[in-house]
Structures are given as C-alpha cells and as structure tokens.
Amino acid sequence: MASRRRTLLKVIILGDSGVGKTSLMNQYVNKKFSNQYKATIGADFLTKEVQFEDRLFTLQIWDTAGQERFQSLGVAFYRGADCCVLVYDVNSMKSFDNLNNWREEFLIQASPSDPDNFPFVLLGNKVDVDGGNSRVVSEKKAKAWCASKGNIPYFETSAKDGINVEEAFQCIVKNALKNEPEEELYMPDTVDVVGGNRGQGSSGCC
Amino acid sequence: SCHGDNNIYTGLDVLRTDRSMVFYEKKENLSKLWDILAVYAWIDKEVGYCQGMSDLCSPMIVLLNDEADAFWCFERLMRRLRGNFRCTQQSVGVENQLQHLASIIQVLDPKLHDHLETLGGGDYLFAFRMFMVLFRRELSFGDSLYLWEMMWALEYDPDMFSTYEESGPATDRSAQGYKPRVKSTRQFGKYERANMKSATNGVDGPVPISVFLVASVLKENSQKLLQEARGLDDIIRILNNVNGNLDAKKACAGALKLHAKYLRKMQGKKA
C-alpha cells in the first residue's frame, strides 16, 4: 500500500465562441442537450467516472469561454492538462481557421514538458445542422490539418444528436493516458496532492 | 486583437441569453437585445461587445418597455462596469477588482488567502464570473435584480448623475479620481457613507461593493475551502455549488460587515 494509482485525468476544451464546447461536455457527461445553454463566462468543469482497460479514472473536463479576449486568463486552468480537445463548427470557416491560434495559445500557456507530443483531439461539431447542407469545412480539409499537426485524432460530432460524442471522448481518455510515463502513475500515499503536483512536469526526484 | 468581430459574438449571445424566459420567446424582444448591444458596441469602440454584457443588458429590456430607455439604463450601468471588460493582450480589466479582492481577503482572512494561494488560486480568477455578470449566474433572475437594487442603493452617490452628464462614455468614475462635492451625507448610500467617513480611498476611487460581496461569499465558504479544497478544481467546485444557494439579502449584510471590519483594520494600520 505504499503507492496508489493516479486516477485523475484533466481535459481542456478550447475553440471559438458558439462551436458547442459546453454542449459537447454536457452531452457526454449528462447525456442531454439543451438549446438554452448560456455563454460560458470564465471556466467551469464537469467530472465523469470512466473505465479504461480495467482501470477507473475520474475524467475532469474543463469548459472555457470562447471569446479571444479571455484567452490570457486561461493559464491557471490549462496547467496540468493531460489532453486538449479543440472544437470547431463544420458550418463556420472562421472557427476552423482559428484552430491554429487555439492550439498555439494552449501550448504557450500550458507549457507542457513535451509540446511536440502533447495529445490533442479535434472535433468538428454541428454536423446535424441543416442536414449537412450549410457545411463549409470538408472532412478532407480537417483531416489534412490534423495530419499537418502530427496526426491529431479527428471526430465529426453532433452534440445535439449525440453523434460520435461517446467515441470521441473514449479517444480523448486514451490519448490523455498516452503521454504518462509509467513512474508517474504511482504516487506515495503520504504526499498531499496539491495544485501543480498532479500534472505534467512533476517528474519526481533527481 | 481585442475585439475580433463584435457582431458575431453579439448575434451568438443574443440567442443564448435568458432563453428559459417566456419573454424571449418573442422575436421583437430578442431584437431589442440585439439592437442595444450592437449600438453600445458601436458607441464604445474601445470596449466593444464582450461576452457577459448580454447578461447585464437583458434585465433592462425585461424591466423597461421602451427600447431607448433600456438602452440608456444599460449605457449608464456600463459606465460603472466597462472597466471590467477592457482588455490588453496580457490582461482583462476585471483583474483590477480581483486584485482588490485578494488584498481584502489577505487583511480579513489571511489563513484563507494563504490557502487559496498555495492551491494556485492567488489570482482569484475563480471569482471572475461573479464580477463580470454581477452574480447573474449565481442567482435567479428575480434575486439578481433584488441584489443589484440593494448594491446600487448602498453605493448611491447623489453626485453620480452630474458626473454622468458631464463626461462622455469614454470616461468612467474610477478614471477621474474620486472627489465628492459633499452634500448632506444622509443623501449617500450606507456603503458610500462609510467610505467617505474613513477617507481611505486611494487614487482609484472607492472599491465597488461587488468586491465585498464576493469577499462575503468566500468568507461564508471559508471553512469548506480550508478543509476540503486540495486544488484549484475544488475551489471552483465549492464556489459553483453557491449557484442558487446565495441569499441576496444575507450577502449584502455580510458585505457591509466585512467592509466595516476592513476599514477598521486599515485605520488601525495607519495609526
């Protein structure tokens, strides 16, 4: 009993205002959709217990405000993230064009120890809208972007209809665990787990 | 850049502000919200439209039938609050108030302040939303109106109106320094009177009562924060549980009590 398994996974959802970050999180955690969600002010999170390869984890999903003006406030919330989920709206070219900004800003603010291999997952949301007729970003284009950023996994989702949401988050959990060096999965029982201790870059002694 | 495309955000937020209210099932009421926010962004080019403003504007439209009246009420409210929304590349205006909050908690509850700081919450960003939309997300619609009315009565300054008439929208009270033309102090709100009596105001003018309201919410949850919070996430979880459980009247009373205590401590430090 000298050590226990690390069980908290922290995931940050980023993307332009109105692409459906709050809706995706709520569809995954609470299995429901509402068109009455308010704009997210500041940051909020939901948790969900998930099982992966016979181990139980607490997935902590952080939802953030989408207006660029608030980007500078992200630092405190990004720290210690295990995976970053980028979201765009397949019906909005601007939200797709901004993905580069969100990705770079995250890497600057969260400053993970190995930025080149930090796990991202991309979601193209709102595929249900207008039966797909108002879509402006093709799957091909999105996949090309993912390939150019080191093969980021990609899912096309509808938070409204619950399409691909479960699948996407299973992939998010898998990727959040991928970068964890084996020794970091163990922590002495006596250490008080506070703040930055549980995230990246807390590489024990030496 | 600071502003991006104002109209895109305005359009998005108009469609997701207080949508559970029957009032906003009417298209004409939605268009009032759009009109007022768009015109405000146009006259206040420095700040533009910022998320959170629709939460502040919506009650004006519900309360006042006339669109022009609602606009001017919102515009006057923004004179007090626009500083929160102003931003540079590195910071957002509200951080000023968060710093005030930090220094007040440091004086009134140093143990809590140290604890929050150890957990990575020393910037008090977890209180961001309470300041940006003046507790609208923590309270029901009716209760937030009740709280706003109490706040403004407590902060009431009879000179405020003349300063509004003199200056354009680009200047706010805090930027001009605070120099009351003293009438009978009985005309001032209780909070304002206490500030005048102690004369501890810095060059920035008095700290708005909202800072003490947030302080009272933190004090109210102090035990819980000290005992249960092991990280920034716990702080946010505990404060989000405040949702719907905040009593406007109690919070105001708590804020006044903390304010008095704070002024006493500051006087003591000076002596």
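Residues numbered from 1 in each chain as written. Chains lettered and ligands numbered in written order. Predicted model: local features only at pLDDT ≥ 70, side-chain atom pairs only at ≥ 80, totals over all residues. Heavy atoms only, no water.

As recorded in an unreviewed UniProt entry, chain B goes by Rab-GAP TBC domain-containing protein and comes from Aegilops tauschii subsp. strangulata.

By the naming in an unreviewed UniProt entry, chain A is Ras-related protein Rab7, taken from Triticum aestivum. One UniProt comment on chain A, placed under Subcellular location (unreviewed entry), says "Endomembrane system". On record in UniProt, under Sequence similarities (unreviewed entry), the comment for chain A is "Belongs to the small GTPase superfamily. Rab family." (UniProt positions renumbered as here; feature names shortened; annotations may be inferred.)

1. Describing the interface of chain A and chain B
With 31 residues of chain A at the contact, the number on the chain B side is 38 residues. Ranking the residues of chain A by area buried against chain B places Lys-38, Ile-41 and Arg-69 of chain A at the top, with a combined share of 26%. On inspection of chain A and its partner chain B, the count reaches one salt bridge. Residue Lys-38 of chain A pairs with Asp-18 of chain B through a salt bridge whose shortest N-O separation is 3.8 Å. Applying the counting criterion to the chain A and chain B interface returns seven residue pairs in polar contact (both at pLDDT 80 or more). Elements with a contribution of two residues or more to the side of chain A that touches chain B: β3 (43–52), β4 (55–64) and α2 (75–78) of chain A. Residue composition of the side of chain A that touches chain B, grouped by class: 14 nonpolar, ten polar and seven charged. (Contact = heavy atoms within 4.5 Å. Buried area = accessible area lost by both parts, 1.4 Å probe. Salt bridge = Lys/Arg side-chain N within 4 Å of Asp/Glu carboxyl O. Polar contact = N/O pair within 3.5 Å; in protein donor to acceptor, adjacent residues only side chain to side chain. Helix = DSSP H or I, 4+ residues; strand = E, 2+ residues; numbered from the N terminus. Nonpolar A, V, L, I, M, F, W, Y, C, P; charged D, E, K, R; others polar.)

2. Digging into the packing of aromatic side chains
Ring pairs (aromatic) are described by centroid distance and by the angle formed between their planes. All names here are of chain A. Applying the stated criterion to the full structure yields 16 aromatic pairs over all chains. With a centroid separation of 5.1 Å and 45° between ring planes, the pair formed by Phe-106 and Phe-118 is classed as tilted. On the criterion of sequence distance, the pair formed by Phe-106 in helix α4 (residues 99–110) and Phe-118 in the loop between α4 and β6 (120–125) is long-range, its members being twelve residues apart. One exposure class covers both Phe-106 and Phe-118, and it is buried. Put simply, the rings of Tyr-78, Phe-106, Phe-118 and Phe-120 pair up and form one aromatic cluster. Above the plane of the ring of Tyr-28 lies Lys-48, whose end atom (NZ or CZ) is 4.6 Å from the centre. (Phe/Tyr/Trp six-rings, centres within 6.5 Å; stacked < 30°, edge-to-face > 60°. Buried < 20%, exposed > 50% of the residue type's maximum accessible area, 1.4 Å probe, protein only. Lys NZ or Arg CZ within 6 Å of the ring centre and 35° of its normal.)

3. Some thoughts on the confidence of the model for chain B
Across chain B, pLDDT averages 87, with 88% of residues at or above 70. What the predictor reports for the complex is a pTM of 0.86 with an ipTM of 0.85. (pLDDT = per-residue confidence, 0-100.)

4. Topic: the sheet that holds strand β2 (residues 8–14) of chain A
Taking strand neighbours across the sheet as the criterion, the six strands line up as β3-β4-β2-β5-β6-β7 (chain A) in an open arrangement whose pairing is mixed. Each edge of the sheet is formed by a strand with only one pairing partner; in this case those strands are β3 and β7 (154–156) of chain A. On average, each strand axis in the sheet is tilted by 25° relative to the strand beside it, whichever way the strands run. One ladder, built from ten bridges, connects β3 of chain A with β4 of chain A; its direction is antiparallel. Residue pairing across strands places Ala-43 of chain A opposite Thr-64 of chain A, the latter belonging to β4 of chain A. Against the sheet, α4 of chain A makes contact with β2, β5 (83–89) and β6 of chain A, and its axis sits at roughly 160° relative to β5 of chain A, the strand it touches most. Contacts from helix α13 (residues 232–240) of chain B reach β2, β3 and β4 of chain A within the one sheet, and its direction differs from that of β3 of chain A by about 115°. (Pairing = 2+ DSSP bridges. Axes fitted to C-alpha atoms, helices over the stretch in contact; angles between N-to-C directions.)

5. As for the pairing of β5 of chain A
Residue and element names in this part refer to chain A. Among the seven residues of β5, seven are classified as buried, and the element is accordingly described as predominantly covered. Burial of β5 is two-sided: the residues Cys-83, Val-85, Val-87 and Asp-89 facing one way and the residues Cys-84, Leu-86 and Tyr-88 facing the other way are all buried. Pairing of β5 with β6, which is carried by six bridges, proceeds in the parallel orientation. Within β6, the position partnered with Tyr-88 by the bridge is Gly-124.

6. Here we look at helix α6 (residues 165–178) of chain A
Given 3.6 residues to a turn, an α-helix orients residues that are three or four positions apart in the same direction. For α6 of chain A, built from 14 residues, the straight-helix expectation of 20 Å at 1.5 Å per residue is met to within 8% by its first-to-last C-alpha distance of 20 Å. Along α6 of chain A, the residues that are buried comprise Val-165, Ala-168, Phe-169, Cys-171, Ile-172, Val-173, Asn-175, Ala-176 and Leu-177 of chain A. (Expected span 1.5 Å × (residues − 1).)

7. Concerning the pattern of salt bridges
All names here are of chain B. All told, the structure shown has 18 salt bridges over all chains when counted by the stated rule. Two residues, Arg-16 and Asp-13, come together in a salt bridge whose shortest N-O distance is 3.1 Å. Each member of the pair, Arg-16 together with Asp-13, is buried. Where Arg-137 meets Asp-55, a salt bridge forms, and the shortest distance between an N and an O atom there is 2.9 Å. Here Arg-137 is found in the loop between α7 (128–132) and α8 (141–154), whereas its partner Asp-55 is found in helix α3 (residues 53–63), with 82 residues between them in sequence. For the pair formed by Arg-137 and Asp-55, the shared burial category is buried.

8. With respect to the nonpolar core
Nonpolar side chains tend toward joint burial in soluble globular proteins. With 113 residues, the main nonpolar core has Phe-106 of chain A together with Met-53, Phe-74, Leu-101 and Phe-126 of chain B as its most contacted residues. Broken down by element, this core gets its largest block of residues, eight residues, from helix α11 (residues 209–220) of chain B. Viewed by domain, this core spans two of them, domain 1 (7–85) and domain 2 (95–270) of chain B, each represented by three or more residues. If near-sequence neighbours (up to four positions away) are discounted, Met-53 of chain B is found in contact with Leu-37, Tyr-40, Val-47, Gly-48, Phe-74, Met-78 and Phe-85 of chain B. Core analysis: the next-biggest nonpolar cluster, separate from the first, contains 28 residues, Leu-9, Leu-123, Val-165 and Ala-176 of chain A among them. (Core = buried A, V, L, I, M, F, W, Y, C linked by side-chain atoms within 4.5 Å. Domains from an automatic or database assignment.)

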